[in-house]
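In case you want the letters, here they are:
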Amino acid sequence: MSDAAPAADQVPGAPHPRETPTLFGQDAAEQAFLTAYNSGRLHHGWLLTGPRGVGKATLAWRIARFLLATPPAEDDGLFSAPPAPITLDIDPEHPVAHRLLAGSDPGLITITRSVNDKTGRLRDEIVVDDVRVLNRFFGLSATDGGRRVVIVDCADEMNVNAANALLKMLEEPPARTTLLLISHRPSGLLPTIRSRCRTLRLSPLSPADMGRALEQAGVAMPGNAGHLTALAAGSVGAALRLTALGGLDLYAELIALLATLPRLDRPRALALAETAAQRGAGDRFDLLLDLIDTALARLARTGAAGQPPQPEAARGEAETLTRLAPNAHSARAWADAAAEITARSRHGKAVNLDPAALVLDTVFKMQKTAAG
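Remember, it's a predicted structure, so these values are computed and weren't measured experimentally.

1. Let's talk about the overall build of the chain
Piece 1. On a plain count of helices and strands, the chain comes out with 15 helices and five strands.
Piece 2. The C-alpha atoms of the chain give 23 Å as radius of gyration, which agrees with the globular expectation for 372 residues (21 Å, within 12%).
Piece 3. Taking the principal axes of the C-alpha coordinates as reference, the chain spans close to 80 × 45 × 35 Å.
Piece 4. Per-residue burial over the chain gives 47% buried out of 372 residues.
Piece 5. Taking contacts inside the chain between residues at least 6 apart in sequence as the whole, the part at least 24 apart equals 74%.

In structure tokens, the structure reads:
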């Protein structure tokens, strides 16, 4: 992959998972893996699941570093077996840690979306040739105790042929090989892949862990930390994206627009649409569509629960959501609108519809729903 190509397994503006020294808020998942390791019956396939941005890739790299730096118990001699490890932490000065940081450890291979040689851009999916490189990897002589580790980031992006090729690897894995599959939506994977893996589920981060994780990434919590916590939903990746693209201000403007419904402040709607149509605003446009989905989901939740989600994700949000979604009937209406808007947005992006027109179409659909 060329230096100019984007990394398929890295959140923009965040350190690569191999560079993240500490994983916050996922002690249960780490301990579950250590318990399996210390039992002497380590499963060969692991499915790391949970929402986006909660540390699945960081955990995968921590596991890989631990496995490659920790000799198998039977290799430790007959007379002085070391105590069972109680943490996945590895000294950053360990040779394995240095090699992983440099991307040069022969015991690890990562499977991600590759660059299409014809277009010079990342493919939209992991293709079968990306998985077939494992045949050569498994054919090489193993080092450092004979361990090999494979990280697939993320398994959701495999096409059918790639998934079937990986399934064969899971069915007949080489000895001392551990495959770590990262998945945001495990229900979309082949059932046979899921059945051959043990699941480690990671949870959304608490506000305190979120703050520590952002500080580690070099990002300070904003003054309205509660708004960021609500919008990010415990995902560090989402929080980094929101802060990098001005997501808090964008959502606040969206809520201010919703507050004018059902009459609709048209100049405000036009101004919001124009932010999506500016040159080079592709990432911000995608974020706006995601924030619209978030607002619609919080509207439906308000009507269903009889109260708005807490904490607020923008000033005045609770009052606006309560007014627009006062009961279960309105909750169903907003849920139906969300499904239609999401489908239309995906179609609009697929056919390269003008971003401003797509945003305005969405706003008018929300106005119609608010009017009942």
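2. Focus on the side chain of T229
Piece 1. For T229, the location among the structural elements is in helix α8 (residues 225–232).
Piece 2. Judged by relative accessible area, T229 falls into the buried class, the value being 17%.
Piece 3. Discounting residues that sit within four places of it in the chain, T229 has contacts with P207, M221 and G234.

3. Digging into the sheet that holds strand β1 (residues 45–49)
Piece 1. Taken together, the five strands give an open sheet; going across it, the order is β2-β3-β4-β1-β5, and neighbouring strands pair in parallel fashion. Bordering the open sheet on either side are β2 (108–111) and β5 (198–201), each of which pairs with just one other strand. Across the sheet, the mean angle separating the axes of adjacent strands is 20 degrees when strand polarity is ignored.
Piece 2. Alignment of β1 against strand β4 (residues 177–183), held across five bridges, turns out to be parallel.

4. Things to note about the confidence of the model for the chain
Piece 1. Considering every residue of the chain, the mean pLDDT works out to 91; 94% of them sit at 70 or more.
Piece 2. No element of the chain has a lower mean pLDDT than helix α7 (residues 207–216), at 90, and none a higher one than β1, at 98.
Piece 3. Overall, residues 1–5 carries pLDDT values under 50, and its contacts beyond four positions in sequence, including any with other chains, amount to five contacts.

5. A short note on helix α2 (residues 56–69)
Piece 1. Here α2 is 14 residues long and its end C-alpha atoms lie 20 Å apart, about the 20 Å a rise of 1.5 Å per residue gives.
Piece 2. Within α2, 14 of the 14 residues are buried, leaving the element largely enclosed by the surrounding structure.

6. Overview of the packing of aromatic side chains
When we look at a pair of aromatic rings, we describe it by the centre distance and by the angle of the planes.
Piece 1. Counting across every chain of the model gives three aromatic pairs.
Piece 2. Centroid distance F137 to F138: 5.6 Å. Interplanar angle 50 degrees. Geometry classified as tilted. Both residues of the pair, F137 and F138, belong to the buried class.

7. A few points about the pattern of salt bridges
Piece 1. One pass over the structure, following the stated rule, counts 14 salt bridges.
Piece 2. Here D209 and R212 are joined by a salt bridge, their closest N and O atoms 2.6 Å apart. Taken as a pair, D209 and R212 lie in helix α7 at a separation of three residues, close to a single helical turn.
Piece 3. A relative accessible area of 14% means that D209 is categorised as buried.

Conventions we followed
Positions within a chain are numbered from 1, following the residues in the order the chain's sequence is written. Side-chain atom pairs in this predicted model are given and counted only at pLDDT of 80 or more, local residue features only at pLDDT of at least 70, and totals for whole chains, interfaces and linings cover all residues. Water and hydrogen atoms play no part in the side-chain values, which are based on all heavy atoms of the structure. Secondary structure elements are taken from DSSP: a helix is a run of H or I of four residues or more, a strand is a run of E of two residues or more, and numbering for both begins at the N terminus. Note that the radius of gyration is over C-alpha atoms, with the globule rule given as 2.2 Å times the number of residues to the power 0.38. Type-normalised accessible area, obtained with a 1.4 Å probe on protein chains alone, sets the label of each residue: buried when under 20%, exposed when over 50%, and partly exposed for intermediate values. Pairs of residues are marked as contacts when any of their non-hydrogen atoms sit within 4.5 Å. At least two bridges found by DSSP between two strands are what make those strands a pair. In this description, a line fitted to the C-alpha atoms serves as the axis of each element, helices being fitted only across the stretch in contact, and the angle between N-to-C directions of two axes falls anywhere from 0 to 180 degrees. On a range of 0 to 100, pLDDT expresses the predictor's confidence in each residue. Expected helix span is taken as 1.5 Å per residue step, with the number of steps being one fewer than the number of residues. Here a Phe, Tyr or Trp ring, Trp counted by its six-membered ring, pairs with any other such ring whose centre lies within 6.5 Å, and the pair is stacked when the planes are under 30 degrees apart, edge-to-face when over 60, and tilted otherwise. Salt bridge, as used here, is a side-chain nitrogen of Lys or Arg placed within 4 Å of a carboxyl oxygen of Asp or Glu.

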